[in-house]
Amino acid sequence: MHRLLDKGLEQLTAMVFKMGKVAEKALAISIGGFVRGEDTSEDVHELSEILVSLTVEVEEKAFGLIAKYQPVASDLRIVNSYMKIAYDFERYGRYAWDISFIRKRLGGLEGCEEWIPQFIEDMGEKVLQMVRISINSLETQDTELARTISKPEQEVDEMYFQYLDKLVKEAHATSQCTVSSVLVVRYLERIADHATYIAEAVVYIATGQKIILR
Amino acid sequence: MTTLKMTVNLEEARPDAKMQSIVLNAWFGSKQALKDINLTVKANAVTAIIGPSGCGKSTFIRCLNRMHELVPNARMSGQVLLDGKNIYSSETDPVQIRRRVGMVFQKPNPFPTMSIFDNVAAGLKLTGTKKGQNIDEIVKKSLQQATLWDEVKDDLKKPGTSISGGQQQRLCIARAIALQPEVILMDEPCSALDPIATAKIEELIVQLKNDYTVVIVTHNMQQAARVSDFTAFMYLGQLVEFGDTTSMFENPKSELTEKYITGKFG
Amino acid sequence: MTNYSLRKFKNKLFFILCAACVIIAVIPLLSILYEVVSRGAPQLSINFLTQKDADGGIGPAIQGTLILIGLTSVIGIPVGVLSGVYLAEFGNNKYATSIRIVNDVLTEFPSIVVGITAFGVVVLGIIGSYSPLAGAVALSFILIPIVARTTEESLKLVPNSVREAALALGVHKWRTTLSVVLPAAKGGLVTGTLLAIARIAGETAPLIMTILGNAYFFQGFSSPMDALPLRIWRDSLQPYANLQAQGWGAALVLILIVLSLNIAVRVASRGRLRR
């Protein structure tokens with residue numbers, strides 16, 4: 001039975017999924033560019049702007065659906081969660097932009113010790129994997145997949161604190177490398193957090209339970 | 001179709017329950033309208049009964065005040081407890097039960113030959129419970145509780161049918177309240193009213209639960225969400241799910257309930 | 001002819017046919033009224049209306065009709081109304097169905113048979129002579145089924161929601177019927193009763209063998225009594241012109257009584273409808 005609400009939900013879903021794809025692309029370009037030492041700020045900026053305007057559209061659509069149709073149960077959980085997920089995707093875009101901007105403004109990993117670029121690349125890869133989990137589990141409504149985000153989330157957290165500790169103890173790097181890399185590592189950790197929020201929302205939509213995967 | 005079966009220890013009457021139905025079945029002739037309903041109505045709370053047309057919700061509440069048996073060929077089995085005592089026991093007078101369990105109907109039905117004042121006083125006068133009481137005071141208090149006093153206080157002698165539909169419904173509520181029942185049953189009280197009148201009655205219901213126990217039948221899910229503390233979902237004469245309203249509307253346990261309240265059927 | 005003008009013609013033809021039938025139906029009524037008024041009106045005078053037969057009046061007949069209406073109402077209306085109440089409020093079983101059938105048959109009963117029955121039972125059996133009571137009993141046999149039926153119909157028109165409202169308050173069923181349902185059906189009850197009275201006011205056959213007729217005013221419950229229908233019948237059979245004229249006068253009076261009852265009914269219903 002096709003309800004009036006269903007059309008609205010389809011449109012809302014399409015917008016959110018589109019945001020996911022754009023956000024994933026922005027992060028891939030930005031993190032890759034930082035690690036390889038390329039300036040990607042213009043492309044990433046464009047993508048980030050798209051995400052900002054889509055966030056506004058998603059919000060308006062969601063509020064409109066709530067006001068008009070007063071959804072309940074799973075419909076309500078979907079609309080509520082999609083609003084929050086849209087914000088998480090917007091954050092993806094924002095951090096992607098931040099990473100590429102830092103590289104442009106302060107420089108990348110040029111003056112760093114050997115272990116640092118590899119470390120950052122590993123962490124970046126893990127975070128991108130989490131981003132992919134968050135988007136795929138959302139698109140396929142796969143709660144099993146969503147729950148697998150716990151492990152990399154813990155690993156990324158450990159890597160974050162590991163990096164900070166190491167940097168403090170072994171103060172060999174140049175200040176440009178230090179500032180640049182610490183900022184980026186911080187952004188990566190936040191991206192991982194948002195990926196986890198999205199995965200938690202996927203479980204909430206499906207089961208109505210609010211769980212913590214961090 | 002998944003159904004949620006609820007089993008209740010037959011000996012046990014819940015202490016905080018104002019009313020409780022135990023294995024309640026009801027028939028119209030050979031057609032069974034209610035199957036094994038076990039439901040608890042908590043005191044000083046609003047319990048909503050939702051479900052598609054024909055699911056037995058009106059039949060159920062009519063069993064709570066013994067109005068079901070007034071229909072020719074109607075019968076029931078099982079127990080209905082009011083404060084722990086079965087209202088269908090052979091020593092119980094149905095008329096006394098109806099004075100303790102009042103009812104408001106879907107279509108407002110003030111007595112056509114009586115004035116507004118007489119309508120509210122009708123319960124007292126016709127049941128002989130007026131001895132030694134100040135009827136004027138009771139009528140005023142009832143109309144105030146029903147939030148109708150200010151609108152009709154200068155027109156008490158006007159016929160009960162001369163006011164608007166929403167006001168007539170509040171008049172019927174005042175009439176029921178005048179007898180100081182313990183429970184108020186409402187059978188889709190707002191379905192014949194416009195949105196503004198509906199909103200007034202919903203506000204009234206929320207206030208009423210301070211002094212009374214309310215059971216409301218509604219087919220409007222959002223109304224149940226707005227006014228009730230507990231919700232029961234019935235389908236084809238059976239109780240499918242019962243729980244506190246908030247969790248039922250955010251996350252129903254039964255797939256059937258979810259399908260119904262999201263409008264995917266019925 | 002086009003389709004449209006053919007249809008118009010058919011419409012007009014049908015209309016003219018119906019109108020013609022209406023006129024044919026109304027002509028007898030109009031001619032009756034004309035005859036009665038033109039022949040009866042000259043008879044009307046205070047003397048005519050109040051003096052006894054020997055003095056050229058139909059006073060006894062008018063008195064008799066009024067007494068009969070009174071007695072029949074006292075006997076018949078309570079019984080009829082309460083029967084109607086039973087059938088409407090408590091009559092959902094097979095006994096009530098049979099009672100309804102019997103009732104409907106009685107409304108169509110030949111009034112002469114009712115008269116003979118009353119003669120046998122009341123005149124011969126109970127009282128031993130012609131009597132106004134016998135006449136009232138006979139007329140009651142006709143009145144009760146009609147009142148019962150109209151009472152039942154009026155009560156059935158009261159929506160069930162009103163009864164339910166009272167019952168849900170914990171009002172006993174008898175009190176509900178008395179204080180809530182009957183007042184709501186008051187209009188229909190009054191209309192039905194007045195129409196039944198108008199009907200029995202003009203019945204002749206039952207009176208022939210129960211009150212017989214009398215030239216004098218009311219003489220007690222064991223004597224014959226006069227009534228307008230009897231007077232009209234007797235007078236019209238007389239060979240004397242003045243008596244026949246008297247008959248026309250009586251007919252006019254009877255028609256006036258029946259008409260005023262009918263008008264009272266109309267006034268009462270219009271009052272109800274306006275509210």
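See above for the structure.
Residues numbered from 1 in each chain as written. Chains lettered and ligands numbered in written order. Predicted model: local features only at pLDDT ≥ 70, side-chain atom pairs only at ≥ 80, totals over all residues.

Asker: Quick rundown of the overall build of chain B? Include the residues and the values.
Answerer: Scanning chain B for helices and strands turns up ten helices and ten strands. Radius of gyration (C-alpha) of chain B: 18 Å, near the 18 Å computed for a compact globule of 266 residues. Within chain B, buried positions represent 48% of all 266 residues. When contacts within chain B are restricted to residue pairs at least 6 apart in sequence, long-range pairs at least 24 apart make up 69% of them. (Helix = DSSP H or I, 4+ residues; strand = E, 2+ residues; numbered from the N terminus. Rg over C-alpha atoms; globule rule 2.2 N^0.38 Å. Buried ≥ 20, exposed ≤ 12 C-beta atoms within 10 Å, placed from the backbone. Contact = placed C-beta atoms within 7 Å.)

Asker: Can you break down the overall build of chain C residue by residue, with the values?
Answerer: Within chain C, the regular secondary structure consists of twelve helices and zero strands. Reading the secondary structure of chain C in the N-to-C direction produces α-α-α-α-α-α-α-α-α-α-α-α. Expressed along its principal axes, the backbone C-alpha trace of chain C runs to roughly 70 × 65 × 35 Å. The buried share among the 275 residues of chain C stands at 38%.

Asker: Hey, could you go over the interface of chain C and chain B for me, with residue numbers and the actual values?
Answerer: With 17 residues of chain C in contact, the opposing surface of chain B contributes 21 residues. For the side of chain C that touches chain B, the secondary-structure elements that each account for two or more residues are α7 (160–168) and α8 (173–184) of chain C. The greatest single-element share of the side of chain C that touches chain B, amounting to seven residues, is contributed by α7 of chain C. Of the residues assigned to the side of chain C that touches chain B, the class counts are ten nonpolar, five polar and two charged. (Nonpolar A, V, L, I, M, F, W, Y, C, P; charged D, E, K, R; others polar.)

Asker: Which residues make up the sheet that holds strand β5 (residues 85–86) of chain B, and what are the values?
Answerer: Residue and element names in this part refer to chain B. What the four strands build is an open sheet, ordered β2-β1-β4-β5; its pairing is antiparallel. Two strands lie at the open edges of the sheet, namely β2 (31–42) and β5, each paired on one side alone. Of the strand pairs in this sheet, strand β4 (residues 74–82) and β5 are connected by two bridges, and their pairing is antiparallel. Counted as the bridge partner of Leu82 is Lys85 from β5. (Pairing = 2+ DSSP bridges.)

Asker: Kindly report on α8 of chain C, identifying the contributing residues and their values.
Answerer: Residues and elements named next belong to chain C. Here α8 spans 15 Å end to end across twelve residues, near enough to the 16 Å set by a 1.5 Å rise per residue. Those residues of α8 not exposed but buried are Thr176, Thr177, Val180, Val181 and Ala184. One side of α8 carries all its buried residues, which in axial view fall inside an arc of 130 degrees. If you follow the buried residues of α8, they end up packed against α3 (59–90), α6 (132–157) and α7. (Expected span 1.5 Å × (residues − 1). Arc of directions from axis to C-beta.)

Asker: How would you sum up the interface of chain B and chain A? Please name residues and give values.
Answerer: On the side of chain A, nine residues touch chain B, which itself brings twelve residues to the contact. Elements supplying a minimum of two residues to the side of chain B that touches chain A: α8 (221–227), α9 (245–250) and α10 (255–261) of chain B. Class assignment of the residues belonging to the side of chain B that touches chain A gives a composition of five nonpolar, four polar and three charged.

Asker: Quick one: what's the story with the arrangement of the chains, residue by residue and with numbers?
Answerer: If you rank the two pairs of chains in contact by how many contacts each has, first place goes to chains B and C. Between chain A and chain C there is no contact, and the shortest C-alpha to C-alpha distance separating them is 33 Å.

Note that every value here comes from positions in space, so none of it alone points to a role or purpose.
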